[in-house]
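Chains, contacts and geometry: an overview
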Amino acid sequence: MNYGIYNNFVEEVIQFSKNFQGKLSNNISDKIVFINDIKTAEHLAYDEIFGEDEYNWKDIRELEMSEVWGSYYAMPEDEKPEGLEALLEIISKNVRESPFEYNIFYNDVLADLTNCAINRAINGKNSSFFEELFDIYQFGAFPCGWNGDYPDGKIVAYKLKK
């Protein structure tokens with residue numbers, strides 16, 4: 001499938017979803033707050049409210065994705081990438097068959113990686129929320145919350161102890 005001018009960037013996410021092996025970023029730690037407690041990660045991902053606007057983690061991810069879709073709908077028809085609806089199925093199959101270690105967060109990982117791929121199809125690798133999420137996954141961690149008053153602050157990520 002060809003996802004438009006940023007096809008190679010989308011393919012990078014698809015390939016990553018197969019084995020969760022990627023390029024490690026050296027400057028990730030200044031943008032992220034790391035935790036290593038699974039219960040805290042679950043609480044942040046599903047229960048915690050962040051900031052004055054009282055967003056939860058899912059709300060923040062949906063707000064960010066709504067901006068991506070806004071860019072998509074503003075594109076001229078002949079420039080819109082094709083095949084975006086197939087990405088969920090492709091990435092879902094890959095994650096199910098991968099050595100992924102955060103199984104309790106499967107649905108969130110699937111949504112994040114699919115949204116990363118869609119964002120890349122539309123915006124390329126421009127610095128964005130979804131590029132930060134992808135960096136976190138490549139680092140071997142799971143983005144699970146926010147530290148600060150959104151949109152100010154940092155992403156919180158859970159990292160398995162090894």
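Data block above holds the structure.
Residues numbered from 1 in each chain as written. Predicted model: local features only at pLDDT ≥ 70, side-chain atom pairs only at ≥ 80, totals over all residues. Heavy atoms only, no water.

1. Quick word on the pattern of salt bridges
- Scanning the model with the defined rule gives 9 salt bridges in all.
- Across the salt bridge formed by Arg120 and Glu12, the nearest N and O atoms sit 2.9 Å from each other. Of this pair, Arg120 sits in helix α5 (residues 106-123) while Glu12 sits in helix α1 (residues 7-19), and the two are 108 residues apart along the sequence. Each of the two residues, Arg120 as well as Glu12, counts as buried.
- The salt bridge partner of Asp108 is Arg61, with a shortest N-O separation of 3.2 Å. (Salt bridge = Lys/Arg side-chain N within 4 Å of Asp/Glu carboxyl O. Helix = DSSP H or I, 4+ residues; strand = E, 2+ residues; numbered from the N terminus. Buried < 20%, exposed > 50% of the residue type's maximum accessible area, 1.4 Å probe, protein only.)

2. Some details on the packing of helix α3 (residues 57-74) against α5
- Contact geometry for α3 and α5: axes closest at 10 Å, N-to-C directions at 30°. Overall, the two elements α3 and α5 adopt an arrangement that is roughly parallel. Judged by the twist between their axes, the crossing of α3 over α5 is left-handed. Each of Arg61, Met65, Val68, Trp69, Ser71 and Tyr72 in α3 lies in contact with α5, whose residues at this interface are Asp108, Ala111, Asp112, Asn115, Ile118, Asn119, Ile122 and Asn123. (Axes fitted to C-alpha atoms, helices over the stretch in contact; angles between N-to-C directions. Parallel < 35°, antiparallel > 145°, perpendicular 65-115°, else oblique. Left-handed = near helix turned anticlockwise from the far one by under 90°. Contact = heavy atoms within 4.5 Å.)

3. As for unusual backbone geometry
- The omega angle of the peptide bond from Tyr150 to Pro151 is 15°, so this bond is cis rather than trans.
- Looking at the secondary structure, you find Pro151 in the loop between β2 (141-147) and β3 (154-159).
- We note that Phe20 has phi near 55°; this positive angle belongs to a residue other than glycine.
- With relative accessibility at 14%, the residue Phe20 sits in the buried group.
- Phi is positive for Glu54, which is not a glycine, with a value near 55°.
- Along the polypeptide, Glu54 turns up in the loop between α2 (38-46) and α3.

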